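Next come the chains, spelled out residue by residue.
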Amino acid sequence: MASITLIVNGKKQTVEVAAETPLLWVLRDTLGLTGTKYGCGAAHCGSCTVHVNGEATRSCVTPIEYCEGKTVTTIEGLSADLSHPLQKAWIQEDVPQCGYCQSGQIMSAAALLIQNPHPTDKIIDDAMRSILCRCGTYPRIRRAIHLAAGQKGGK
Amino acid sequence: MSTQPSLSRRDFIKISSVAGAGLLLSFYLPSKDELALAATGEAFAPNAWLKIDNDGIVTITVARSEMGQGVLTSMPMIVAEELEADWKKVRVEQANAHPTKYGSMSTGGSFSVRGSWQNLRTAGATARELLISAAAQTWGVDRSTCRAENGKVVHSSGKELPYGQLASTAATVHAPTGVRLKDPKDFKILGKRLPKLDTPSKVNGAAKFGMDIRVPGMLFSSIERSPVFGGKVKSFDASKAKATPGVRDVVQVDSGIAVIANSTWAAFQGRKELSVQWDEGQYANQSSEAIWQSLEEMAKSRGSVDDYEGDAESALAGAAKQVEAVYYAPLVAHVTMEPMNCVADVRSDRCEIWVPTQSPQQIQNEAARILGLPVDKVRVNVTLLGGGFGRRLQTDYGSDAVRVSKAIGAPVQVIWTREDDMQHDWYRPCTYNVLKGGLDKDGWPVAWMHRIAGPGSRGLVVAGSTPPYAIPNFRVDSHIKETGVPIGAWRSVGPSQNGFVVESFIDELAHAAKKDPFEFRRHLLSKSPRLRRALEVAAEKAGWGKPLPAGVGRGIAAVESFGSAVAEVVEASVAKDGSVKIHRIVAAVDCGPIVNPDTLEAQVEGGIVYSLSSVLKDEITIAKGRTVQSNFDDYRILTIDEMPKVETHIIPSTESVGGIGEPGLPPVAPALCNAIFAASGIRVRRLPIKPADLKKS
């Protein structure tokens, strides 16, 4: 067992878990932050995407020891009151169907907009390609990202 | 609570007041199997509730599962329309499982809206009339001078009372008879693009899926299952697993060896340390090759006849031209983004379950059976579903949690890994299809024979195989083969594979007749005006017949399923390396009256993407009695950059209300394959499409 201290959604947390435990399960099972989802456990689907020091990270394959002293933001920390531009855009475009993959979609999109505030369709594709959605919300995801970026799309 | 006497034998609504706290309407929504019964009006048992409290909040209880199809919004919209409710004050509640209270609670067959449409409207209209009567009584005016509007009753003088202030009185006034439903031209909510009520909770992590349920004292469990279908535990050694940090216990249950731990991760780690010997049973050597071979062998003889007209055999023999082809539809998996999971808390005299399910009552019955408890001692809470697509009609993952909780005497969440989920699915059947068609001297079909061989049940294999076309002689016959592979309903069920076969082969006949595939179908749909209209609209919107860039082909297909008619046109091209590019998909949909066009478009797009993943990517294969694929790297699904442009055209329609969760799916595979033929001259008769087969030499 290891004692790991990290900042999660602005709050300092110290957890006592096996050092190799993926961040995903610390968030879900230890800290009770269930907004981050398990989809594949192998970094294939992106449902577990969170920000570690501001970068989109697959929490299902990120050992907690790697997060020592780092800042983690989950969907719950994006904004408590649905005020983040992506959350607003997601609501306006009514993006989710089942909703299960959407935390990962939004967190990936949020990391994208930090790096590229006005992405083209191609840039959105490159950033979002590996975040899977089985319901087929892709066209709305693209529209919502453009909306949040405050620009119209176009390849 | 006081209850007014039933209005008449044929009524399905009960009106009550809730201890002065408002108005409660209980009403009945028939299940698919009960429609005929409901039509007689004999079987009244309320199974849905509409409550208006003194604050004017309208709460509608829905006994269907929300899996992304928007049912927790569409069903309240139907009630709110007739009620003249203020949409901002409408709330929705998910019903828990009950053996009788709600009738069948199963969510499938694209049935939720079409099965409830009439009664939800009548319930809303009844409440509206009660509220108008209550206002008239309060004001001492004739009720004909009052009207309902946006959550209020308004008098001709201009004075108004909100529903909240009228609800308690409404529960006591004389019940209306012969309630009039609104004229669709006056609809204010139905047909509008209203955002789904649960969307905000799905963008901030608040939405609770089964996986997110946390119960005090809950442990986490992962089960090692027989890798071979039908295998059983011979012996196992759990000593290493038990020594894994965080592991609390290891128990044998019906489905395998369960590792119970303090966290999901610890359960997964403990599971890796298990040593299990399996009795692999009779399917230890099962393989895809052996299954296809056995299906092909069976298809050499005539199977049981599922549908026919005329004498197909003689007509074929006498036809001026004969066409034959063999089509293969593969095994495909559901892979909902949320893997199977369930929480159960089994006590000596009762059990509580939290589960993302399409079949809450089946879960309840199964738990009661396993535990030897009366059904009313099993409480089943239905959570949000992270995808359903038919997979969550099964109860296997619910039984897992019940058995593990019973064994350890504590609440437990059983989580299937993605690998468990993919390798222990109830797959869409793989089918081997022999098609024979006969054309007369003018090129019109006079005979159609379709023989299907596949695993599972006749319903899953055969549904949707009767050609919708006016062909005077046809026959469909089938063989069902037990293969050991679990087979179940996959979004759009039989029509998903039979739509591909029928709509591809009719295209072959059109080409053999040297006729335009659209005109050929159109001519043969003279007796199916609804499907013909959808075909015409799709063709028109897609610009059928207009020139396309070099190398791009256009394909069309039309399938009527789950009460709706859908036609789709696909524009596609094939690159030198055999890869397929889809340029555009145009869908025309006639599903009768429209509840929410935004949801409708989302469902059509969703059905198309769901199908395209199985058509363009991977199939499930079997080797050594087990599923070969295990995760999204070898069973891939469509990604955002591969999502084609989909245009959905809703056909204004006075037809009866149809489903929309599934009907968008069946036409896309054949429309794509027909487009590939138009573009390349290569006919795809086996799914998934393999670039190697389309590579230009």
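Residues numbered from 1 in each chain as written. Chains lettered and ligands numbered in written order. Predicted model: local features only at pLDDT ≥ 70, side-chain atom pairs only at ≥ 80, totals over all residues.

S.K.: Explain the overall build of chain B to me, using residue names and the numbers behind them.
M.R.: From N to C terminus, chain B includes 18 helices and 29 strands. Seen through its principal axes, chain B has C-alpha atoms that stretch 85 × 70 × 45 Å. A burial count over chain B gives 58% of its 697 residues as buried. Taking as baseline every contact in chain B between residues at least 6 positions apart, the subset at least 24 positions apart corresponds to 77%. (Helix = DSSP H or I, 4+ residues; strand = E, 2+ residues; numbered from the N terminus. Buried ≥ 20, exposed ≤ 12 C-beta atoms within 10 Å, placed from the backbone. Contact = placed C-beta atoms within 7 Å.)

S.K.: Describe the overall build of chain A, and please don't skip the residues or the numbers.
M.R.: Of regular secondary structure, chain A possesses six helices and five strands. When the helices and strands of chain A are listed from N to C terminus, the series reads β-β-α-β-β-β-α-α-α-α-α. Once the C-alpha set of chain A is aligned to its principal axes, its extents read approximately 50 × 25 × 25 Å. Looking at chain A residue by residue over its 155 residues, the buried ones come to 58%.

S.K.: Please provide a residue-by-residue account of the nonpolar core, values included.
M.R.: In this structure, B:Leu131, B:Ile353, B:Ala534, B:Ala538, B:Leu672 and B:Ile676 are the most contacted members of the largest nonpolar core, which totals 260 residues. Other than its neighbours up to four places away in sequence, B:Ile676 contacts B:Gly553, B:Ala572, B:Val574, B:Val580, B:Ile682, B:Val684 and B:Leu694. (Core = buried A, V, L, I, M, F, W, Y, C linked by C-beta atoms within 7 Å.)

S.K.: Would you mind going over the sheet that holds strand 1 (residues 2-8) of chain A in detail, with residue names and values included?
M.R.: Residue and element names in this part refer to chain A. Strand order in the open sheet made by the five strands is 2-1-5-3-4, with mixed pairing throughout. Looking at strand neighbours, the two that pair on one side only are strand 2 (11-17) and strand 4 (55-58), the edges of this open sheet. Put simply, the sheet's adjacent strands are angled 40° from each other on average, direction ignored. Pairing between strand 3 (residues 49-52) and strand 5 (residues 71-73): two bridges, direction antiparallel. Residue Val52 lies in a different strand from strand 5, and its bridge partner there is Val72. Along the sheet, helix 4 (residues 102-115) contacts strand 3 and strand 4; its crossing angle with strand 3, the most-contacted strand, is approximately 35°. (Pairing = 2+ DSSP bridges. Axes fitted to C-alpha atoms, helices over the stretch in contact; angles between N-to-C directions.)

S.K.: Requested: an account of the domain arrangement of chain B, with residues and values cited.
M.R.: Residue and element names in this part refer to chain B. Looking at the assigned domains, one finds that chain B contains domain 1 (2-202), domain 2 (210-281 + 340-415) and domain 3 (288-331 + 427-694). Taken together, the contact pairs twelve residues of domain 1 with 18 residues of domain 2. The residue makeup of the side of domain 1 that touches domain 2, split by class, is four nonpolar, seven polar and one charged. (Domains from an automatic or database assignment. Nonpolar A, V, L, I, M, F, W, Y, C, P; charged D, E, K, R; others polar.)

S.K.: Go over the interface of chain A and chain B with me, naming the residues and quoting the values.
M.R.: Many descriptions give the size of an interface as the accessible area lost when the pieces come together. In this assembly, 47 residues from chain A lie in contact with 45 residues from chain B. Sorting the residues of the side of chain A that touches chain B by element identifies helix 1 (23-30), helix 2 (75-78), helix 3 (85-92), helix 4, helix 5 (121-128) and helix 6 (138-149) of chain A as the ones contributing at least two each. Residue contributions to the side of chain A that touches chain B peak at four residues, all from helix 6 of chain A. Among the residues making up the side of chain A that touches chain B, the classes are represented as 23 nonpolar, 16 polar and eight charged.

S.K.: Run through the domain arrangement of chain A, naming residues and quoting values.
M.R.: Residue and element names in this part refer to chain A. Domain annotation for chain A reports domain 1 (2-77) and domain 2 (85-149). Inter-centroid distance (C-alpha atoms) of domain 1 to domain 2 is 21 Å. Contacts between domain 1 and domain 2 engage 15 residues on the former and twelve residues on the latter. Breaking the side of domain 1 that touches domain 2 down by element, the ones donating at least two residues are strand 3 and strand 4. For the side of domain 1 that touches domain 2, the per-class residue count stands at five nonpolar, eight polar and two charged.

S.K.: How would you explain helix 13 (residues 493-512) of chain B if you had to name every residue and give the values?
M.R.: Residue and element names in this part refer to chain B. The end-to-end C-alpha distance of helix 13 is 29 Å, a good match for the 28 Å that 20 residues give at a rise of 1.5 Å each. Where helix 13 bends most, the angle comes to about 30°, and this point is Gly499. Within helix 13, 18 of the 20 residues are buried, leaving the element largely enclosed by the surrounding structure. Lys514 sits one or two residues past helix 13 and shows a positive phi near 55°. (Expected span 1.5 Å × (residues − 1). Bend = angle between axes of the 7 residues up to and from the residue.)

S.K.: Lay out the sheet that holds strand 7 (residues 146-149) of chain B in plain terms, naming residues and giving numbers.
M.R.: Residue and element names in this part refer to chain B. Pairing is antiparallel in the open sheet, where three strands are placed in the order 7-8-9. Where the open sheet ends on each side, the last strands, each with one partner, are strand 7 and strand 9 (160-162). Adjacent strand axes in the sheet meet at a mean angle of 20° when their direction is disregarded. Sitting on the sheet, helix 3 (residues 112-139) touches strand 7, strand 8 (152-155) and strand 9, and the angle it makes with strand 7 is about 130°. Packed on one face of the sheet, helix 4 (residues 163-170) meets strand 8 and strand 9 and runs near 80° to strand 9.

S.K.: Residue-level account of helix 16 (residues 597-616) of chain B, with values.
M.R.: With 20 residues, helix 16 of chain B extends 28 Å from end C-alpha to end C-alpha; this agrees with the ideal 28 Å at 1.5 Å per step. Most of helix 16 of chain B sits inside the fold, with 18 of its 20 residues counted as buried.

S.K.: Lay out the pairing of strand 7 of chain B in plain terms, naming residues and giving numbers.
M.R.: Residues and elements named next belong to chain B. In strand 7, alternate side chains face the same way, and those of Cys146 and Ala148 are buried while those of Arg147 and Glu149 on the opposite face are not. Pairing of strand 7 with strand 8 involves four bridges; the strand directions are antiparallel. By the bridge assignment for strand 8, Cys146 is matched with His155. A loop of two residues connects strand 7 with strand 8, the two strands running antiparallel in sequence, and Asn150 in this loop sits at a positive phi of about 45°.

S.K.: So what's going on with the pairing of strand 20 (residues 412-415) of chain B? Which residues, and what values?
M.R.: All names here are of chain B. Side chains of strand 20 alternate between two faces, with Val412 and Val414 and Gln413 and Ile415 buried alike. Across three bridges, strand 10 (residues 219-225) lies against strand 20 in parallel orientation. Each bridged residue has a counterpart across the sheet, and for Phe220 the counterpart in strand 20 is Gln413. The pairing of strand 17 (residues 341-346) with strand 20 spans four bridges and is classified as antiparallel. Bridge pairing links Ala344 to Val412 in strand 20.

S.K.: Go over unusual backbone geometry, please, and point to the residues and values.
M.R.: Going from B:Leu687 to B:Pro688, the amide bond is cis rather than trans, its omega being -5°. Along the polypeptide, B:Pro688 turns up in the loop between helix 17 (668-680) and helix 18 (691-694). Although it is not a glycine, A:Asn9 adopts a positive phi angle of roughly 50°. Note that A:Asn9 resides in the loop between strand 1 and strand 2.

S.K.: An account of the packing of helix 3 of chain A against helix 4 of chain A is requested, with residue identities and associated values reported.
M.R.: All names here are of chain A. It is at 10 Å that the axes of helix 3 and helix 4 come closest, and there the two elements cross at 130°. Classified by the interaxial angle, the pair formed by helix 3 and helix 4 is oblique. The two elements helix 3 and helix 4 cross, and the hand of that crossing is right-handed. In this structure, helix 3 contributes Leu86, Gln87 and Trp90 to the contact, and helix 4 contributes Ile106, Ala109 and Ala110. (Parallel < 35°, antiparallel > 145°, perpendicular 65-115°, else oblique. Left-handed = near helix turned anticlockwise from the far one by under 90°.)

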